[in-house]
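Examination of the molecular architecture
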Amino acid sequence: MSVEMRRKCGAARAQVRFRIREELERRSLTMTALAEQIGVCNQAVSNTVNGRLHSPRVLQALRDVGVPEKYLFDPAKVCAKGADATEGKVA
């Protein structure tokens, strides 16, 4: 996985960070509560949601609580789909 791909995924996730937070709110969760559930610090969740980090543990937890895959821009999954998976309309 290239550095450029990780950067693009992070930028795309940063654009939809409020959608991710809306999804958490629908489930009565905060980023801090999610961090406590999965045993990581709240900065790890915040940095992942904001696109600065690509924590597989946090991304999987977001999937598990029901955040749609289209908002996650997981570099591990995007690599399987191809380089242009992060282009186009995001939300």
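Report follows, based on the coordinates.

Parameters and conventions
- Residues numbered from 1 in each chain as written.
- Predicted model: local features only at pLDDT ≥ 70, side-chain atom pairs only at ≥ 80, totals over all residues.
- Heavy atoms only, no water.
- Salt bridge = Lys/Arg side-chain N within 4 Å of Asp/Glu carboxyl O.
- Helix = DSSP H or I, 4+ residues; strand = E, 2+ residues; numbered from the N terminus.
- Buried < 20%, exposed > 50% of the residue type's maximum accessible area, 1.4 Å probe, protein only.
- Arc of directions from axis to C-beta.
- Contact = heavy atoms within 4.5 Å.
- Axes fitted to C-alpha atoms, helices over the stretch in contact; angles between N-to-C directions.
- Parallel < 35°, antiparallel > 145°, perpendicular 65-115°, else oblique.
- Left-handed = near helix turned anticlockwise from the far one by under 90°.

One pass over the structure, following the stated rule, counts 6 salt bridges. We note a salt bridge from Glu22 to Arg19, for which the minimum N-O separation is 3.5 Å. Of this pair, Glu22 and Arg19 both sit in helix 2 (residues 17-26), 3 residues apart, which is roughly one turn of the helix. Given the relative accessible area of 32%, Glu22 is considered partly exposed.

All right, on to helix 2 then. Within helix 2 the residues assigned to the buried category are Ile20, Glu23 and Leu24. An end-on view of helix 2 places all buried positions within 100 degrees of arc, on one side of the element. Looking at helix 2, the residues exposed on the side facing more than 90 degrees away from the buried face are Glu25 and Arg26. Against helix 1 (3-15), helix 3 (31-38), helix 4 (42-49) and helix 5 (56-65) lie the buried residues of helix 2. Looking one or two residues past helix 2, Ser28 carries a phi angle of roughly 55 degrees, positive in sign.

In this section: the packing of helix 3 against helix 4. Where helix 3 meets helix 4, the closest approach of the two axes is 8 Å, and the angle between their N-to-C directions is 120 degrees. Of the possible angle classes, the one that applies to helix 3 and helix 4 is oblique. As for how helix 3 packs across helix 4, the hand of that crossing is right-handed. Contacts between helix 3 and helix 4 pair Met31, Thr32, Leu34 and Ala35 from the former with Asn42, Val45, Ser46 and Val49 from the latter.

With that out of the way, let us pick up unusual backbone geometry. A positive phi angle is found at Ser28, which is not glycine, with a value near 55 degrees. Residue placement: Ser28 occurs in the loop between helix 2 and helix 3. Residue classification places Ser28 among the exposed positions, given a relative accessible area of 68%. Although it is not a glycine, Phe73 sits at a positive phi angle of roughly 45 degrees.

Let us look at the environment of Thr30. Along the polypeptide, Thr30 turns up in the loop between helix 2 and helix 3. For Thr30 and Val45, which are 15 residues apart along the polypeptide, the C-alpha to C-alpha distance reads 9.9 Å.

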